[in-house]
Amino acid sequence: MAALHITSENFEEEVLQSSQPVLVDFWAEWCGPCRMMLPVVEELAGELKNAKVCKINVDEQPQLAAKYRVMTIPTLMVVKDGKVMSTSVGVKSKAAVLKMLDA
């Protein structure tokens, strides 16, 4: 399954109210490091059964980026039970992202 495209309209339902942990990728089309993370994020979206993977385009959803104080992209965030559990900025290995989800 591909990563879910998140907007301000579905953020509450898909991320904050999710019964599973959610990996949120804040990204942009023009961002080189974001493009480097894309294969990892999409691979995890297809593999993870106990977590949801979502992407938020900061150019299309600046209010969500501002709300979560995303200043640098890519920013990965793990949300559980509506709360941000961990945040990571920059390119990360698949193993590092999986470790974030286990935290």
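As the structure is a computational prediction, the values presented were derived from the model and not from experiment.

## A closer look at the packing of helix α2 (residues 32–47) against helix α4 (residues 94–102)
1) Next: It is the contact of α2 with α4, at a shortest axis distance of 10 Å, that shows an interaxial angle of 50°. Considering the angle they form, α2 stands oblique to α4. The handedness of the crossing between α2 and α4 is right-handed. On α4, the residues touching Met-37, Val-40, Glu-43, Leu-44 and Glu-47 of α2 are Lys-94, Val-97 and Leu-98.
2) Next: Residue composition of the contact of α2 with α4, by class: five nonpolar, no polar and three charged.

## Regarding the nonpolar core
1) Next: Counting 21 residues, the largest nonpolar core has Phe-11, Val-15, Val-24, Phe-26 and Ile-73 as its most contacted members.
2) Next: Of all elements in the fold, only α1 (11–16), β2 (22–27), β3 (52–57), α3 (62–67) and β4 (75–80) reach the threshold of two or more residues within this core.
3) Next: Excluding residues that lie within four positions of it along the chain, Val-15 makes contacts with Ile-6, Asn-10, Val-22, Val-24, Cys-54 and Val-79.
4) Next: Judged by nonpolar contacts, the second largest core, of 15 residues, contains Leu-23, Met-37, Leu-44 and Leu-76.

## A few points about the sheet that holds β2
The strands that make up a sheet are held in pairs by hydrogen bonds between backbone atoms, and each pair lies either parallel or antiparallel.
1) Next: With respect to topology, five strands assemble into an open sheet ordered β1-β3-β2-β4-β5, the strand pairing being mixed. If you trace the sheet from one side to the other, it starts and ends with β1 (4–5) and β5 (83–89), each paired once.
2) Next: Note that β1 and β3 share two bridges and pair parallel. Its bridge partner being in β3, Leu-4 is matched across the sheet by Cys-54.
3) Next: Together, β2, β3 and β4 form the strand contacts of α2, whose direction differs from that of β3 by roughly 150°.
4) Next: α4 contacts β2, β4 and β5 of the sheet and is inclined by roughly 25° relative to β4.

Rules behind the numbers
Sequence order as written defines residue numbering, which begins from 1 separately in each chain. Local features in this predicted model are restricted to residues whose pLDDT is 70 or higher, and side-chain atom pairs enter the listing and the counts only when it is 80 or higher, whereas totals over whole chains, interfaces and linings include all residues. Note that the side-chain values use all heavy atoms of the structure and ignore hydrogens as well as water. Axis angles are defined between N-to-C directions and span 0 to 180 degrees, where every axis is a line fitted to C-alpha atoms and, for a helix, only to the segment in contact. Each helix is a run of H or I in the DSSP string that is no shorter than four residues. Each strand is a run of E no shorter than two, and both are numbered from the N terminus. Roughly parallel means an angle under 35 degrees; roughly antiparallel means over 145; roughly perpendicular covers 65 to 115; every other angle is labelled oblique. Two helices cross in a left-handed way if the nearer one is turned anticlockwise from the farther one by less than a right angle. They cross in a right-handed way if the turn is clockwise. Any two residues whose heavy atoms approach within 4.5 Å are treated as being in contact. Gly is put with the polar residues, along with every residue not named as nonpolar or charged; the nonpolar set is Ala, Val, Leu, Ile, Met, Phe, Trp, Tyr, Cys and Pro, and the charged set is Asp, Glu, Lys and Arg. Here, nonpolar core means buried Ala, Val, Leu, Ile, Met, Phe, Trp, Tyr and Cys residues that are tied together by side-chain atoms lying within 4.5 Å of each other. For each residue, the accessible area found with a 1.4 Å probe, counting protein chains only, is set against the maximum for its type, and the residue is called buried under 20%, exposed over 50%, and partly exposed in between. Only strands joined by at least two bridges in the DSSP assignment are considered to pair.

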